[in-house]
Amino acid sequence: MSNPRVRKIADRIQVIVAEMLERRIKDPRLGFVTVTDVRVTGDSQQATVFYTVLGDEEAMVGTAAALESAKGLLRSEVAKQLQMRTAPTLTFVHDALPETARQLDEVLARARQSDEQVAAAREGATYAAGEDPYKKPRVEGDDDEPVEGEDVVEPDRADEE
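Anyway, here's the lowdown on the structure attached to this text. (Residues numbered from 1 in each chain as written. Predicted model: local features only at pLDDT ≥ 70, side-chain atom pairs only at ≥ 80, totals over all residues. Heavy atoms only, no water.)

## Details of unusual backbone geometry
A negative phi holds for most residues other than glycine; trans holds for most peptide bonds. The line we're drawing: For the purposes of this entry, the term helix denotes a DSSP run of H or I that reaches at least four residues, the term strand denotes a run of E that reaches at least two, and both are numbered from the N terminus. For the exposure calls, accessible area comes from a 1.4 Å probe over protein chains only, and a residue counts as buried if that area is under 20% of its type's maximum, exposed if over 50%, partly exposed in between.
A positive phi angle, close to 60°, is found at Ser44, a residue other than glycine. Position of Ser44 among the secondary structure elements: in the loop between β1 (32-40) and β2 (46-54). Ser44 gets classed as buried once you look at its relative accessible area, which sits at 3%. Of note, Gln83 is a non-glycine position whose phi angle comes to about 55°, a positive value. Here Gln83 shows up in the loop between α3 (71-82) and β3 (89-94). With relative accessibility at 70%, the residue Gln83 sits in the exposed group.

Right under this line is the structure:
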């Protein structure tokens with residue numbers, strides 16, 4: 001959907017369908033619906049409307065049935081407001097993105113918890129060589145002390161005499 005005209009049509013369809021669901025569709029099966037995205041084919045003949053429903057599986061099934069029964073009314077309103085020669089056919093698809101995001105958040109929470117457990121187990125651990133074998137980044141205040149084996153260069157004292 002790289003064509004800007006098709007993207008504008010998809011955005012307009014999303015607004016029209018959302019307003020219709022909010023104001024004109026009075027089906028009791030219709031739950032709390034959010035239109036998340038609309039994708040239109042390049043020839044503007046078919047539009048896929050992605051939606052989410054707040055609630056359980058029963059609300060999702062009822063909303064799907066309500067959307068299917070209101071499809072004709074929604075399509076005629078889209079055709080009227082877009083003023084196109086042919087109105088795109090509407091297909092409603094339940095958006096699985098929120099459930100996928102929730103599952104991903106749960107996996108990340110488990111990974112974070114296991115990282116914390118590993119860090120807690122590492123608290124009292126010592127290195128096999130006795131001291132930390134890894135190089136540490138220098139801190140600004142550490143430049144004052146000379147390191148073992150490093151020659152210390154004294155500034156010229158000629159200007160003091």
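## So, the sheet that holds β1
Basically, it comes down to this: One requirement defines pairing of two strands: DSSP has to find at least two bridges between them. Fitting a line to C-alpha atoms yields each axis, with helices limited to the stretch in contact; the angle taken between N-to-C directions then spans 0 to 180 degrees.
A sheet is described by the order of its strands in space; here three strands give the open sequence β1-β2-β3, paired in mixed fashion. If you trace the sheet from one side to the other, it starts and ends with β1 and β3, each paired once. On average, adjacent strands in this sheet sit at an angle of 30° to one another, irrespective of strand direction. Judged from the six bridges that link them, β2 and β3 form a sheet pairing that is parallel. When the sheet's bridge partners are listed, Thr48 is paired in β3 with Thr91.

That is the geometry; function is a separate question.
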